[in-house]
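# Examination of the molecular architecture
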Amino acid sequence: MRLIFLGPPGAGKGTQAQRIAAACSLPHISTGDILRSAVAAQTSLGQKAKGFMDSGELVPDSLILDLVKERLQADDTKSGWILDGFPRNVSQAEFLSDLLTEIGQNLDHTINFDVPDDVIVSRMLERGRKDDNETTIRRRLEVYREETEPLISFYHSRNCLVPVDGSLSINSVAAQLESALKI
Ligand code: AMP
């Protein structure tokens, strides 16, 4: 099974991706986690990405695309994967679509987590991550609307969009996902 988890920051994509990944033995590929590890390890990727992440901007595609290309061809991805936080804009989505054609993989579903802004802001303030202060949260939401939200129609037009109500409890969202994915 190959899945994209799409939705605003704080929508619960990471939590749900971890659960499905464990239940279905799939790798959970979070570009945010990869970048945070790179920042912590002070690699050259981390040094380049840090400023963008701290201010709530997307890191440039040039830092992300090769990394995803390599990750989707690693040995543990044979039976599928869950992409969480990628793609984040139309050019990343087009890159992914071309890449999947090139490596002979099919995307099964894009799960869209729908969550109103007030729920997002209160969840993110509770989460207390380093880039979760109010100014950065507001900027990340703007970036989401401008760059990432157009992917809803991108995947809708490719008939693979599955909507879930991400404002509900963790268990209710998990139940919606399990029924949509028949797992
Ligand atoms: P996340 O954990 O997915 O919310 O990502 C945290 C931060 O990492 C984002 O605010 C971006 O700065 C950066 N990031 C994660 N994934 C991507 C991506 N696919 N493209 C660009 N920037 C990303």
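See the structure above.
Predicted model only: the values in this text are computed from it and were never measured. (Residues numbered from 1 in each chain as written. Predicted model: local features only at pLDDT ≥ 70, side-chain atom pairs only at ≥ 80, totals over all residues. Heavy atoms only, no water.)

### Remarks on the nonpolar core
By size, the foremost hydrophobic cluster in this structure holds 26 residues, and its most contacted members are Leu 35, Val 59, Leu 72, Leu 83, Phe 86, Leu 96 and Tyr 155. Counting only elements with at least two residues in this core, the list comes to β1 (2–6), α2 (31–40), α3 (44–54), α4 (61–71), β3 (81–84), α5 (90–103) and α8 (150–156). At 5 residues, α4 tops the list of elements feeding residues into this core. The contacts of Phe 86, once residues within four sequence positions are left out, are Ile 4, Thr 31, Ile 64, Leu 65, Val 68, Gln 92, Phe 95 and Leu 96. Counting 20 residues, the second-largest nonpolar core is a separate cluster that includes Ile 20, Ile 82, Ile 120 and Val 173. (Core = buried A, V, L, I, M, F, W, Y, C linked by side-chain atoms within 4.5 Å. Buried < 20%, exposed > 50% of the residue type's maximum accessible area, 1.4 Å probe, protein only. Helix = DSSP H or I, 4+ residues; strand = E, 2+ residues; numbered from the N terminus. Contact = heavy atoms within 4.5 Å.)

### Considerations on the site of the ligand
For the ligand, the set of nearby residues contains 15 residues, the closest of which are Thr 31, Arg 36, Glu 57, Gly 85 and Gln 92. One of the side-chain nitrogen or oxygen atoms of Thr 31 is found 2.8 Å away from a nitrogen atom of the ligand. One of the backbone nitrogen or oxygen atoms of Glu 57 is found 2.6 Å away from an oxygen atom of the ligand. Here the shell around the ligand is built from residues that sort into 6 nonpolar, 4 polar and 5 charged. (Near = heavy atom within 4 Å. Polar contact = N/O pair within 3.5 Å; in protein donor to acceptor, adjacent residues only side chain to side chain. Nonpolar A, V, L, I, M, F, W, Y, C, P; charged D, E, K, R; others polar.)

### Comments concerning unusual backbone geometry
When glycine is set aside, most residues are seen to have a negative phi, and most peptide bonds are trans. That bond from Phe 86 to Pro 87 is cis: its omega, 0°, falls within 30 degrees of zero. As for its placement among the helices and strands, Pro 87 is situated in the loop between β3 and α5. A positive phi angle, near 60°, is found at Asn 159, a position not held by glycine.

### What about the packing of α2 against α3?
Following both chains from N to C, one finds α2 and α3 inclined at 115°, their axes separated by 8 Å at the closest point. Between α2 and α3, the crossing angle belongs to the class labelled roughly perpendicular. Relative to α3, the crossing made by α2 is left-handed. Every residue of α3 that contacts α2 at Gly 32, Leu 35, Arg 36, Ala 38 and Val 39 is listed here: Leu 45, Gly 46, Ala 49, Lys 50 and Met 53. Its residues assigned to classes, the contact of α2 with α3 comprises 6 nonpolar, 2 polar and 2 charged. (Axes fitted to C-alpha atoms, helices over the stretch in contact; angles between N-to-C directions. Parallel < 35°, antiparallel > 145°, perpendicular 65-115°, else oblique. Left-handed = near helix turned anticlockwise from the far one by under 90°.)

### Examining the packing of aromatic side chains
Within the structure shown, the criterion is met by 2 aromatic pairs. Judged by centre distance (5.3 Å) and plane angle (50°), the ring pair of Phe 5 and Phe 113 falls under tilted. Separated by 108 residues along the polypeptide, Phe 5 in strand β1 and Phe 113 in strand β4 (residues 109–114) bring together distant segments of the chain. Each member of the pair, Phe 5 as well as Phe 113, carries the same accessibility label: buried. Measuring from ring centre to ring centre gives 4.9 Å for Phe 154 and Tyr 155, while their planes differ by 70°; the resulting arrangement is edge-to-face. Here the two residues Phe 154 and Tyr 155 agree in accessibility, since each one is buried. A cation over an aromatic ring shows up here: Arg 158 above the ring of Phe 154, its NZ or CZ 3.6 Å from the ring centre. (Phe/Tyr/Trp six-rings, centres within 6.5 Å; stacked < 30°, edge-to-face > 60°. Lys NZ or Arg CZ within 6 Å of the ring centre and 35° of its normal.)

Read these as spatial facts, not as claims about activity.
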